[in-house]
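# Topology and contacts: notes
Spelled out from the first residue to the last, the chains are:
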Amino acid sequence: MDLNQIMFLFILAGALYLFISEKLSVDLIGILIILALAITRVLDPKEAFSGFASEPALIVAAVFVLSSGLTATGLTDAIGNAVGKFAGRNQWLANLVIMVTVAGLSAFTHHLMVTAMMLPIVMRMCREHNMPSSRLLIPMATAASLGTTMTLIGAPAFLLANNVLKRSGEPGLRLFEVTPLGSVLVGVGVVFILLMLWVLPKTSGRDRQDDKFRIDEVFTELIVTEKSQWLGMGLAQFQKENVKRFEIVGVKRYGKRISTLDSDFVLQEQDIILVKTSPDELLSVDEKTGLALRTVKKYGEEVQSGDPAKKTEEPMIVQGLISPQSPFVGKTIGEVDFLRTLGVLVIALWRKDGWIYHEISQVRLKEGDLIILWGYEDQLDEIHQSSDFLLLFPMQVRPKKRNKAPLAGVIMLVSVIMAATEILPPHISFLTGAVMMVLTKCVSLRNAYESIEVKIFVMIAGVIPLGLAMENTGLAGIFAKNLSGMISHWDPWVIMLTFFVAAGLLTQILSDSATTVLIAPIAVAFAKAANVSPTAAVVCVTVGAVASFLTPIGHHGNLLILGPGNYRFVDFLKIGLPLTAVIAIVTSFMSLRLWN
């Protein structure tokens, strides 16, 4: 064994220790791997840093931005709400609809984002239909992980596996080449979980969004704008089309209150609609949708007047807590006159208890009320620094650009088609789509950068040269040769099963990406020596890394649902262990049929 091989083994042992012990974050470990390989001359600097410009890293970054565009335009919310509508009250039907939808979404976006998006929707559905969340959340998270096996971009591990195949001289996988296998795995997984649903407990937990201090709905006033799409529409029809966005509390026309039960009432320009809505819907109100926040429409220019610099500034929306000693307590919002006294507008109000049905200006403030303020940074900073009776907090939601949802969907679809048909290389196709999301303002440049999981990007850039070093030092071949002496006489499907099991066990303590990078080069070298398909072997390793459900710590999606489902560790084993065994057998046989 030469010096480079010895140095690599020391670096590998150190990396494994850090990954398993979690003493450092995965991105920092990735950087340390790169530096160690370059400093010890195991790889030259260009090779050591090659991961940052690699196809897997670029595709992962681009897909994060594309997913952010779908979220920012409300497209993912629309899909989630549609799922809730079609799922119904039956546990089996609800699980079927949720699992199929989640698997389909995870094939093109990050499965953790899909799980996080669907979690509050499923929890709300469980509350509304009195279903135990424990019977829906494990199936949902499992389907999200299985869905990543349906396309090459579903999981970073598949991109890394493809990179290993190309470096070894084998043909790379196309975008939908794994779809036949992934579709069967999703189908088998859905059927298996539905049949085994009875082993899951009947319990319900709480997600972090169930916090008693969470703002779930605010009261605000909307005004129907000129040339609005809602002009001439009956109030009942308006409510039906916006049932997921607004709850109508009242309507006023020319200062006179109109009965919401009036079946003949149709909307006109300047009609005021008093509604309860969620904070994200409040921030998503846009004149382009035919509605505007009444106070902003009426007084927004007055807030801006007198300071030309504000014409280029973006207004800010924050929440302010009325403290017990506040002089505002007992006064109506109109009496306080926030525009004249503080230079900001009150656009909405949240109150923990009680029903609000007056106009905002007539609401008498109470201790503990939260008012949503609209204004500019200098005014809000002044209030924050000088006021001890109005405590300001940022809004923890982002507006949805719903009018751009169709455009975001088209950009995503075109990106996938170009990559699938190889009109452009996949990384170029998805990077182009990500740039178009920003240029068309489906997502802001700032939010696009924020959407990229830097930890995952840097970790991938760090583990790629680790796999490259294993190949360059010849250790992959040595391990494969030793392994060949042990299992080369076994049936090919048993060999595939062995690789699946090895990856499935290792991914319980390492990430799926790290597991794939470490085992895939060995699998390729062994497959060539044993005269079996290197592609089949690598696919088995990768599926073992992303679709092994032995413990709740094997997948981050399982950690998200642990509390909301009120699960115990053993609950994951009950369904995860037999499901992993079934998936392992199916993958072993199908991979040989598809790629041998």
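Here is a short report on the structure shown in this document. (Residues numbered from 1 in each chain as written. Predicted model: local features only at pLDDT ≥ 70, side-chain atom pairs only at ≥ 80, totals over all residues. Heavy atoms only, no water.)

## Section: the overall build of the protein chain
Inclusion rule: Going along the chain from the N terminus, every DSSP run of H or I of four or more residues is numbered as a helix, and every run of E of two or more is numbered as a strand. Our radius of gyration is a C-alpha quantity, and the globule rule it is checked against amounts to 2.2 Å times the number of residues to the power 0.38. Whether two residues are in contact is decided by their heavy atoms: any pair within 4.5 Å suffices. Charge counting treats Lys and Arg as positive and Asp and Glu as negative, with His and both chain ends excluded. Charge positions come from single atoms, namely NZ of Lys, CZ of Arg, CG of Asp or CD of Glu.
Each helix and strand in the protein chain was counted, giving 26 helices and nine strands. Relative to the 2.2 N^0.38 estimate, which gives 25 Å for 596 residues, the radius of gyration of the protein chain is 28 Å and therefore close to what a compact globule would have. Seen along its three principal axes, the alpha-carbon backbone of the protein chain occupies a region of about 90 × 55 × 50 Å. For the protein chain, long-range pairs separated by at least 24 residues make up 79% of all intrachain contacts whose partners lie at least 6 apart in sequence. Computing the positive centroid from 50 side-chain charges and the negative centroid from 50, the protein chain places the two 5 Å apart.

## With respect to the packing of aromatic side chains
What counts, and what does not: Working definition: a ring pair exists when centres of Phe, Tyr or Trp rings (six-membered ring for Trp) sit within 6.5 Å. Plane angles under 30 degrees give stacked, over 60 give edge-to-face, the rest tilted. A simple rule labels every residue: compare its accessible area, found with a 1.4 Å probe on the protein chains alone, to the largest value its type can have, and call it buried under 20%, exposed over 50%, or partly exposed in between.
Tallied over the entire structure, the rule returns nine aromatic pairs. Considering the side-chain rings of phenylalanine 328 and phenylalanine 338, the 5.2 Å spacing of their centres and the 65 degrees angle between planes classify their relative orientation as edge-to-face. Here phenylalanine 338 lies in helix 15 (residues 338-342) and phenylalanine 328 lies in the loop between strand 6 (316-322) and helix 14 (333-336), a separation of ten residues in the sequence. For the pair formed by phenylalanine 328 and phenylalanine 338, the shared burial category is buried. Ring pairs connect the aromatic residues Phe49, Phe52 and Phe457, which therefore count as one cluster.

## Here we look at helix 6 (residues 91-106)
Put simply, the rule is: Under the convention used throughout, the expected extent of a helix is 1.5 Å for every residue step, that is, one less than its residue count. Contacts described as polar in this section are N or O atom pairs within 3.5 Å, which, within protein, must combine one atom able to donate a hydrogen with one able to accept it, while residues neighboring in sequence count only if both atoms come from side chains.
Here helix 6 spans 22 Å end to end across 16 residues, near enough to the 22 Å set by a 1.5 Å rise per residue. Every buried residue belonging to helix 6 is among Gln91, Ala94, Asn95, Val97, Ile98, Met99, Val102, Ala103, Leu105 and Ser106, and all of these are buried. Its buried side turned inward, helix 6 meets helix 5 (75-87), helix 7 (111-129), helix 8 (134-147) and helix 10 (179-195). Backbone nitrogen of tryptophan 92 and a side-chain oxygen of the N-cap are separated by 2.9 Å at the start of helix 6; the cap is asparagine 90.

## Focus: unusual backbone geometry
For arginine 41, which is not glycine, the phi dihedral falls at a positive 65 degrees. Along the chain, the position of arginine 41 falls in the loop between helix 2 (26-39) and helix 3 (45-48). A relative accessible area of 67% means that arginine 41 is categorised as exposed. One non-glycine residue, tyrosine 254, lies in the positive phi region at around 55 degrees. Note on placement: tyrosine 254 falls in the loop between strand 2 (246-253) and strand 3 (256-258).

## Quick look at the pattern of salt bridges
Note the cut-off: Salt bridges are identified by distance alone: a Lys or Arg side-chain nitrogen within 4 Å of an Asp or Glu carboxyl oxygen.
All chains considered together, the criterion is met by 13 salt bridges. Notably, a salt bridge pairs aspartate 271 with arginine 253, separated by 2.8 Å at the nearest N-O pair. Taken together, the residues aspartate 271 in the loop between strand 3 and strand 4 (272-277) and arginine 253 in strand 2 connect sequence positions 18 residues apart. With relative accessibility at 1%, the residue aspartate 271 sits in the buried group. Linking aspartate 571 and lysine 574 is a salt bridge whose minimum nitrogen-to-oxygen distance equals 3.8 Å. A residue pair is termed a helical-turn pair when its members lie 3 or 4 positions apart in one helix, as aspartate 571 and lysine 574 do in helix 26 (residues 569-595) at three residues. Through salt bridges with shared partners, a single network forms among Glu221, Lys252, Arg294 and Glu359.

## Topic: the layout of surface pockets
What counts is decided by this rule: The distinction between a cavity and a pocket rests on a 1 Å grid over the protein atoms alone: a 1.4 Å probe fits inside a cavity but cannot get out, while a pocket stays open yet meets protein on both sides within 12 Å along at least five of seven lines, and a residue with an atom within 4 Å of a point counts as lining. Grid points are joined across faces, edges and corners, and a volume is the space filled by probe spheres set on the points. Three residue categories are used. Nonpolar comprises Ala, Val, Leu, Ile, Met, Phe, Trp, Tyr, Cys and Pro, charged comprises Asp, Glu, Lys and Arg, and polar comprises the others, including Gly.
Taken as a whole, the second largest pocket encloses approximately 330 Å³ of empty space. As for the second largest pocket, its lining consists of 17 residues, and the residues nearest its centre are Thr295, Tyr299, Ile333, Gly334 and Ser361. Elements supplying a minimum of two residues to the lining of the second largest pocket: helix 13 (294-304), helix 14, helix 15 and strand 7 (345-350). It is helix 13 that contributes the most residues to the lining of the second largest pocket, four residues altogether. When the residues that make up the lining of the second largest pocket are grouped by side-chain class, the tally is eight nonpolar, three polar and six charged.

## Describing empty space enclosed by the protein
This model, assessed by the stated rule, comprises four cavities of 30 Å³ or more. The computed volume of the largest cavity comes to approximately 90 Å³. The wall of the largest cavity is formed by Ile59, Val60, Val63, Phe64, Thr109, His110, Ile153, Gly154, Ala155, Pro156 and Leu159. Of all the secondary structure elements, the ones that give two or more residues to the lining of the largest cavity are helix 4 (55-72) and helix 9 (156-167). Among the elements that make up the lining of the largest cavity, the one with the highest residue count is helix 4 (four residues).

Read these as layout, nothing more, since geometry by itself doesn't imply function.
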